[in-house]
Amino acid sequence: MSRNQELRPIVTDANPMSPISEAYRTLRTNLQYAEADRQLQLLMVTSASPKEGKSTTIMNLAVAYAHSGRKVVLVDADLRKPTAHYTLQLSNRSGLSQVLSGQDLLGNAIQQSRIAGLDVLTAGPVPPNPSELLGSARMDSVLEKLKEQYDIVLIDTPPVLAVSDAQIVSTRCDGVLLVINARSGKRQHAIKARNALQFVQARIVGVALNQTAQSEAGPYYEYVER
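Throughout this document, residue positions are counted from 1 along each chain, in the order its sequence is written. The predicted nature of this model means local features are confined to residues of pLDDT at least 70 and side-chain atom pairs, given and counted, to a pLDDT of 80 or more, with totals for whole chains, interfaces and linings taken over all residues. The basis for every side-chain value is the complete set of heavy atoms in the structure, and neither hydrogens nor water enter the calculation.

Peer 1: Tell me about empty space enclosed by the protein, and please be specific about residues and values.
Peer 2: Residues are said to line a cavity or pocket when one of their atoms sits within 4 Å of a point; the points come from a 1 Å grid over protein atoms alone, cavities being sets where a 1.4 Å probe fits but cannot get out and pockets being open sets with protein on both sides within 12 Å along at least five of seven lines. Grid points are joined across faces, edges and corners, and a volume is the space filled by probe spheres set on the points. With the rule as written, the count across this model stands at one cavity of 30 Å³ or more. The computed volume of the largest cavity comes to approximately 40 Å³. Along its surface, the largest cavity is lined by S55, I58, M59, L74, V75, D76, T83, A84 and D156. Numbering goes from the N terminus for both helices and strands, where a helix is a DSSP run of H or I of at least four residues and a strand is a run of E of at least two. Breaking the lining of the largest cavity down by element, the ones donating at least two residues are α3 (54-67) and β2 (72-76). Residue composition of the lining of the largest cavity, grouped by class: five nonpolar, two polar and two charged. Note that Gly is not counted as nonpolar here; it falls among the polar residues with everything else outside the nonpolar set of Ala, Val, Leu, Ile, Met, Phe, Trp, Tyr, Cys and Pro and the charged set of Asp, Glu, Lys and Arg.

Have a look at this one:
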């Protein structure tokens, strides 16, 4: 990470009393209600297409969970275009890719963030075979170990329609939150993403619409249970 890398603000941390932060807390609460009939400990957050706000959503959701007293780990499983280490100013020399390839231990790769209660497993160096690593037995083992250590595991993946990674990871999770940009996202892409996740029998627990008309100040998230 460059020393000149600017700190990227996380609204739920920088301005917790703002309407946007409240929207993320509402999203967190709605997801907690989704646990009523089935535990939601491994939650994957993805989008249909790039630039729909999935990484911003998962980062703020992770902070919202941490602020509620939960022990949280954010896993950057976007091994192609990772962002978590930039946002939180963490090292990315070791991360998920090196754990999955056997080059490092999980305990060594997990880092504490500046936010109390939130740990991070960054993506690590970009590997030549992301899909194979995410579909490996080692990935299953990593997720099982994280479930033992944390109250909730939030997993960021590439967009569903870009590569197969999201479909692969979704089969290992208790639920999937699909993020859709209400302004730039295309309806047919959202439908294709939903169908792709349903094809592998992923459990879609909700859809988060960002950039909705209700907010003129910035992203606003709504939860739509599926």
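Peer 1: Any chance you could break down the nonpolar core for me, citing the residues and the numbers?
Peer 2: Counting 38 residues, the largest nonpolar core has L96 and L146 as its most contacted members. Not counting the four nearest positions on each side in its chain, L146 is found in contact with V73, V75, L106, I110 and V153. In this description, a nonpolar core means a group of buried Ala, Val, Leu, Ile, Met, Phe, Trp, Tyr and Cys residues linked to one another through side-chain atoms lying within 4.5 Å. Three labels apply to residues, based on accessible area from a 1.4 Å probe with only protein chains included: buried if under 20% of the type maximum, exposed if over 50%, partly exposed otherwise in between. Among the nonpolar cores identified, the runner-up in size contains 28 residues, and L31, A34, V63 and I152 belong to it. Throughout, a residue-residue contact means that at least one pair of heavy atoms, one from each residue, lies within 4.5 Å.

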